[in-house]
Amino acid sequence: MKFYRRTLLTAVLLFLVLTFACVTINIYFPAEKVESVAGEIVNEIRESGGEQEKSIKKEKTSFFKQIMLAFSCPVACADEVTSVANPTIRALKKKMKDRYPELKPYYINGTIKEGDNGYVSLGNTKGLKLKEKRNLKSLIEAENKDREKLYEEIAKALKIEPSQINKIAEIFAKEWQKPVR
């Protein structure tokens, strides 16, 4: 009798352990949202004045189209907001946009390059004077610090775990690595 009771108790315990051990926790990472935000931010930072004028011209519509839009029934779609903006992100984007013209010649000649981790690194520094190297290193440090803060702020805005910031940086890396505009 004791043997059966003991076997039954062991079987029940084993069943309970296996049942609870099979429970998995899925952590959702919104890669599509991050990709769209990355594209927006990188384009905003790297766009030149001429491209801003083109986008303003595209936004203008004809008088006829405005009248048709006024009398038609617009369809309202409740879509999730994919752009993130808070004062910190706006300030970081402005700092990075202001710094970009200084970095652009170095990108073009290969002195600096975009890493797969979402950060800038030194490339070929031949032909640079000591003072230029020092200035370039300080520019790179400032850019990387701002990028790190930007990734953290985006994680907060999209409610992503801080442990996932490296994934955000890798997604941004794909956008940063696109040809310099």
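In this text, all values refer to a predicted model and were calculated from it rather than measured experimentally.

## Side note on the packing of aromatic side chains
At step 1: Scanning all chains against the criterion turns up 4 aromatic pairs.
At step 2: Between Y100 and Y107, the ring centres sit 6.2 Å apart and the planes meet at 40°, which makes this aromatic pair tilted.
At step 3: What makes Y107 buried here is its relative accessible area of 11%.
At step 4: With centroids separated by 5.6 Å and ring planes inclined at 70°, the aromatic side chains of Y119 and Y151 adopt a geometry described as edge-to-face. Of this pair, Y119 sits in the loop between β1 (112-114) and β2 (120-122) while Y151 is found in helix α6 (residues 130-157), placing the two residues 32 residues apart along the sequence. In this structure, Y119 and Y151 share a single accessibility class: buried.

## A look at the side chain of R46
At step 1: Of note, R46 is situated in helix α2 (residues 31-46).
At step 2: Given a relative accessible area of 1%, R46 falls into the buried group.

## Thoughts on the environment of P105
At step 1: Here P105 shows up in helix α5 (residues 87-108).
At step 2: Residue classification places P105 among the partly exposed positions, given a relative accessible area of 45%.
At step 3: Between the C-alpha atoms of P105 and V180, which are 75 residues apart in sequence, the distance is 9.7 Å.

## A closer look at α5
Along an α-helix, a turn takes 3.6 residues, which lines up residues three or four apart on a common side.
At step 1: Between its first and last C-alpha atoms α5 spans 31 Å; for 22 residues at 1.5 Å apiece the expected length is 32 Å, and the two agree.
At step 2: The sharpest bend along α5 reaches about 50° and sits at P101.
At step 3: Residues I89, L92, K93, M96, R99, Y100, L103, Y106 and Y107 constitute the buried set of α5.
At step 4: Buried residues in α5 make contact with α2, β1, β2, α6 and α7 (165-176).
At step 5: The residue sitting at the N-terminus of α5 and contributing the capping side-chain oxygen is N86; that oxygen lies 3.0 Å from the backbone nitrogen of T88.

## Let's talk about the nonpolar core
At step 1: In terms of nonpolar packing, the biggest core is built from 34 residues, with V34, I112, L150, Y151, I154, I168 and F172 touching the most fellow members.
At step 2: Sorting the residues of this core by element identifies α2, α5, α6 and α7 as the ones contributing at least two each.
At step 3: Beyond its immediate chain neighbours, meaning those up to four positions away, V34 contacts F29, L158, I160, I168, I171 and F172.

The rules behind each value
Residues numbered from 1 in each chain as written. Predicted model: local features only at pLDDT ≥ 70, side-chain atom pairs only at ≥ 80, totals over all residues. Heavy atoms only, no water. Phe/Tyr/Trp six-rings, centres within 6.5 Å; stacked < 30°, edge-to-face > 60°. Buried < 20%, exposed > 50% of the residue type's maximum accessible area, 1.4 Å probe, protein only. Helix = DSSP H or I, 4+ residues; strand = E, 2+ residues; numbered from the N terminus. Expected span 1.5 Å × (residues − 1). Bend = angle between axes of the 7 residues up to and from the residue. Contact = heavy atoms within 4.5 Å. Polar contact = N/O pair within 3.5 Å; in protein donor to acceptor, adjacent residues only side chain to side chain. Core = buried A, V, L, I, M, F, W, Y, C linked by side-chain atoms within 4.5 Å.

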